[in-house]
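Residue strings, one per chain:
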Amino acid sequence: MSDPALLDDLRHVLGPDGVRTDPAALALAASDLWTTGSLPRAVVRPSSAAAVAATVRIARAHGCRVIPRGGGLSYTGGYVPPDDRIISVDLAGLNRILRIAPEDLTITVESGATWRDIDLALRPHRLRVPFFGTFSGAAATVGGGVSHGALFFGSARYGAAADQVLGLQVALADGSLLQTGCEAVHAAPRALLRGYGPDLTGLFLHDGGAFGIKTAVSFRLMEVPAVQGFAAFAFADLAAASAALSAIARAGIAEEVYVLDPATTGATDLPAGAALRTARALWQATPGFAGRLALLRDVARGGQRPVPVGAWALHLAAAGSSPGAVAADLARARQLATRLGGREVAATIARVARADRFTSLDGVLDAGGERWAAINTKTSHSAAPALLAGFEALLERRSAALATHGVTVTRLASALGQQAFSFEVVFHWRDTWLPLHVATLSPARRATLQEPAANPGGRSLVAELREETMALFRAQGAVSNQLGRSYPFLETLAPETAALLQDLKLMLDPDGVMNPGVLGLGHTADR
Ligand SMILES: Cc1cc2nc3c(=O)[nH]c(=O)nc-3n(C[C@H](O)[C@H](O)[C@H](O)COP(=O)(O)OP(=O)(O)OC[C@H]3O[C@@H](n4cnc5c(N)ncnc54)[C@H](O)[C@@H]3O)c2cc1C
């Protein structure tokens, strides 16, 4: 529905290029990588925190609501408009690196900065955020990451994106800008401690944008470790590989450690068949004679297929201040993995993952142009075996339907800090693409693919499997921190906890202006 007065007010603040209502822009904002909602009324691209706050005020004055969108690379309906009274706030224009303080080991960035932007800005300083990005970090933003449970590079030792945050600037539903952490201390605002009095920063982390739109994020930094090392081990089954993952995570000896499904590594063709770019990136990312020798040894050992066919492979990256420290961590990993049945194989995949980070987003579709949809969960190491067995039993029950509709399944396990076992299942099927798939693929990759025909049967089976998988995880007390509009949340909490969250939402956002319905909070359909 067009609304000239609303659009005039938005254009007055954001300029003509900052407000889009063309069908392509609206369609892109209406769906993520899984689901499609209503067309928003407009897509706006503010380029300052003040413009974000003004957008909220204008939306509210016109009886509309706002939904923040970072890279848009999630698949939980987190930014998908529930109705047509939505202004989609695209934060890609808010991507400046505001401050790097090498002496204080902190960085402050606008919330639309990507993990790649930060990586590039910090390289000359040989610094990094301890958790330093997702596989999607070429376009996924820090705002999306700290609102929506991002984990991967560095996560086994340092936790999730949100664990790195020292303070936030947030545009609230009343159109004001709030600062949290020690940057709120007016005598000398600086990124220092997150915990100065009650942790207001924490209130806004993993909120999916329910409590406000983050406009800036301050992170702690660390020196890039002088030495890194890699290892990989093949296992006969997921149970054994996962037990090794838990043991290595508990030992605290890896920066990231993960287990890939045989079907995933079966589709990997590295490094001989990989692009020259990957080989060059690998070489450049491996400093020193000893490191390059290890790289060449791995490549020679692994050849094009670093993981034996049919094997579940555990991959790890270790890092430390000296070759001796890293060698000791790798030796301990070797001991733990082999004791649990692992056989050492070439560590090419973990090397490539790091060296070639943040370069391509072609993974939004599978190799043959198939779609995929993931469901993830976190549990304790002791509860992981039952969770994995429960999921395999679910798949067994649904095997006939999976075969009928050509739906296949892969799994990825990884460590999130020393306490949490993260498990992600991915459903794959042939189907038509969503606007975001097309917008994200590189032109070179797009040219090699043909869009499959619509497969409503496969799609509805995947929808059912997602629900069944979430129900299984919930029944086992496993949780997700990438909630969006997909995962049950309030109903999984103790009543007192759920009531406090609802009260906080009501206090911060009495009119339900902020991302209505995300996390099950504040969806007022009658507004
Ligand atoms: C190829 C591929 C690889 C991936 N790899 C990983 C991986 O390694 N690890 C991982 O964890 N995930 C991964 N993902 C999933 C996804 O990319 C991550 O969840 C990522 O952190 C999402 O960031 P985004 O900027 O795209 O957020 P969006 O999808 O734009 O938003 C996510 C949620 O956060 C909210 N939000 C966004 N910006 C703000 C803001 N400034 N203030 C408040 N709320 C906001 C949105 O409303 C939404 O609810 C991958 C996805 C793809 C397609």
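Preceding this section is the structure that the text describes.
Every value quoted in this text rests on a predicted model; they were computed, and no experiment measured them. (Residues numbered from 1 in each chain as written. Predicted model: local features only at pLDDT ≥ 70, side-chain atom pairs only at ≥ 80, totals over all residues. Heavy atoms only, no water.)

### Digging into the pairing of strand E12 (residues 227-235)
In terms of residue burial, E12 counts as a mostly covered element, since eight of its nine residues are buried. Relative to strand E14 (residues 312-320), E12 runs antiparallel, the two being bridged by nine bridges. Considered in E14, the bridge of Phe233 is made with Leu314. Pairing geometry for E12 and strand E15 (residues 343-345), over three bridges, is antiparallel. By the bridge assignment, Ala232 is partnered in E15 with Val345. (Buried < 20%, exposed > 50% of the residue type's maximum accessible area, 1.4 Å probe, protein only. Helix = DSSP H or I, 4+ residues; strand = E, 2+ residues; numbered from the N terminus. Pairing = 2+ DSSP bridges.)

### A look at the pairing of strand E13 (residues 256-260)
Here E13 lies mainly inside the structure; five of its five residues are buried. Neither face of E13 is exposed, since Glu256, Tyr258 and Leu260 on one face and Val257 and Val259 on the opposite face are all buried. Looking at chain direction, E13 and E14 are connected through five bridges and run antiparallel. Across the sheet, Val259 pairs through a bridge with Leu314, a residue of E14. Note that E13 and strand E17 (residues 408-416) share three bridges and pair antiparallel. Bridging from a neighbouring strand, Leu260 pairs with Leu412 of E17.

### Remarks on helix H8 (residues 238-251)
Between its first and last C-alpha, H8 extends 20 Å over 14 residues, near the 20 Å set by a 1.5 Å rise per residue. Three or more residues of H8 are buried, namely Leu238, Ala241, Ser242, Ala244, Leu245, Ser246, Ala247, Ile248 and Ala249. Two to three positions downstream of the cap, the backbone nitrogen of Ala239 sits 3.4 Å from a side-chain oxygen, assigning the N-cap of H8 to Asp237. Phi for Gly252, located one or two positions after H8, is positive at around 65°. (Expected span 1.5 Å × (residues − 1). Polar contact = N/O pair within 3.5 Å; in protein donor to acceptor, adjacent residues only side chain to side chain.)

### Focus: the sheet that holds E14
Either a parallel or an antiparallel arrangement is found when strands of a sheet pair, and the pairing is made through backbone hydrogen bonds. Strand order in the open sheet made by the seven strands is E15-E12-E14-E13-E17-E18-E16, with antiparallel pairing throughout. The open sheet terminates on both sides in strands that have one partner only, identified here as E15 and strand E16 (371-380). Within the sheet, the average angular offset between the axes of one strand and its neighbour, ignoring direction, is 25°. Against the sheet, helix H13 (residues 348-355) makes contact with E12, E13 and E14, and its axis sits at roughly 120° relative to E13, the strand it touches most. Each of E16, E17 and strand E18 (420-429) touches helix H14 (residues 384-397); the most contacted strand, E18, lies at about 15° to it. (Axes fitted to C-alpha atoms, helices over the stretch in contact; angles between N-to-C directions. Contact = heavy atoms within 4.5 Å.)

### Thoughts on the nonpolar core
Core analysis: the largest hydrophobic core is formed by 121 residues, its most contacted members being Phe219, Leu314, Leu316 and Phe423. One finds Leu6, Leu7, Val52 and Ala173 within the second-largest nonpolar core, a separate group that totals 23 residues. (Core = buried A, V, L, I, M, F, W, Y, C linked by side-chain atoms within 4.5 Å.)

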